[in-house]
Amino acid sequence: NRSYFFESRKKSIEFISKTFDLFSIDFLKFKPNFIGLISLSDLSKELGLEVENNQSIKVSQEKLAILIEQVLSRVKHQVFKLECDGLKIFWKNSQTIYVEAGNDKIKRLDILCKSIGGNYSN
């Protein structure tokens, strides 16, 4: 596990976006911690995304930033999770990203974090 810290929401989104390329990811599953506060089906229709099991939205790299911005404009200060096989990314706030992954992935994310001006801690 690792916590990554960035100076702005923009840098946090950039970090998550670059994980798509880093690990050759097609989609991440967006899983909110606030079911009922916003409608996932309405949000997915608005952004042209696919709802999966009424509990998550499949999001591509191209739609990631707009999804995060839309969610945060509707439900401020909420935690949500983005995941795929072997990688769980938790949005703690606009400057803190918490990641659960294998050591090899964490090491690669550490390098990515530093390359965009972030810091990290265990």
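Our subject in this report is the structure included herewith. (Residues numbered from 1 in each chain as written. Predicted model: local features only at pLDDT ≥ 70, side-chain atom pairs only at ≥ 80, totals over all residues. Heavy atoms only, no water.)

Details of the overall build of the protein chain
Part 1: A count of helical and extended segments in the protein chain gives 4 helices and 8 strands.
Part 2: Starting at the N terminus and walking to the C terminus, you meet the elements of the protein chain as β-α-β-α-β-β-α-β-β-β-α-β.
Part 3: For the protein chain, the C-alpha atoms occupy an extent of roughly 35 × 25 × 20 Å along the three principal directions.
Part 4: Taken across its 122 residues, the protein chain has 43% of its residues classed as buried.
Part 5: Counting 19 positive and 15 negative side-chain charges, the protein chain places the centres of these two groups 4 Å from one another. (Helix = DSSP H or I, 4+ residues; strand = E, 2+ residues; numbered from the N terminus. Buried < 20%, exposed > 50% of the residue type's maximum accessible area, 1.4 Å probe, protein only. Lys, Arg positive; Asp, Glu negative; His and termini not counted. Charge placed at Lys NZ, Arg CZ, Asp CG, Glu CD.)

Some remarks on the side chain of serine 12
Part 1: For serine 12, the location among the structural elements is in helix H1 (residues 9-22).
Part 2: You can call serine 12 buried: its relative accessible area is 0%.
Part 3: Among the polar contacts made by the side chain of serine 12, one reaches the main-chain carbonyl oxygen of serine 94 at a distance of 2.7 Å.
Part 4: Ignoring anything within four residues of it in the chain, the contact list for serine 12 reads Phe6, Trp91, Ser94, Gln95, Thr96 and Ile97. (Polar contact = N/O pair within 3.5 Å; in protein donor to acceptor, adjacent residues only side chain to side chain. Contact = heavy atoms within 4.5 Å.)

Regarding the pattern of salt bridges
Part 1: Under the defined criterion, the tally for this structure stands at 9 salt bridges.
Part 2: Residue lysine 11 is joined to glutamate 14 by a salt bridge in which the shortest nitrogen-to-oxygen separation is 3.7 Å. Here glutamate 14 and lysine 11 lie together in helix H1, a separation of 3 residues that amounts to about one turn.
Part 3: Lysine 11 sits in the partly exposed class, given a relative accessible area of 24%.
Part 4: Accessibility expressed as a relative area gives 24% for glutamate 14, which makes it partly exposed.
Part 5: For glutamate 50, the salt bridge identified is with lysine 58, shortest N-O distance 4.0 Å.
Part 6: One network of salt bridges, with partners in common, ties together Lys11, Glu14 and Lys18. (Salt bridge = Lys/Arg side-chain N within 4 Å of Asp/Glu carboxyl O.)

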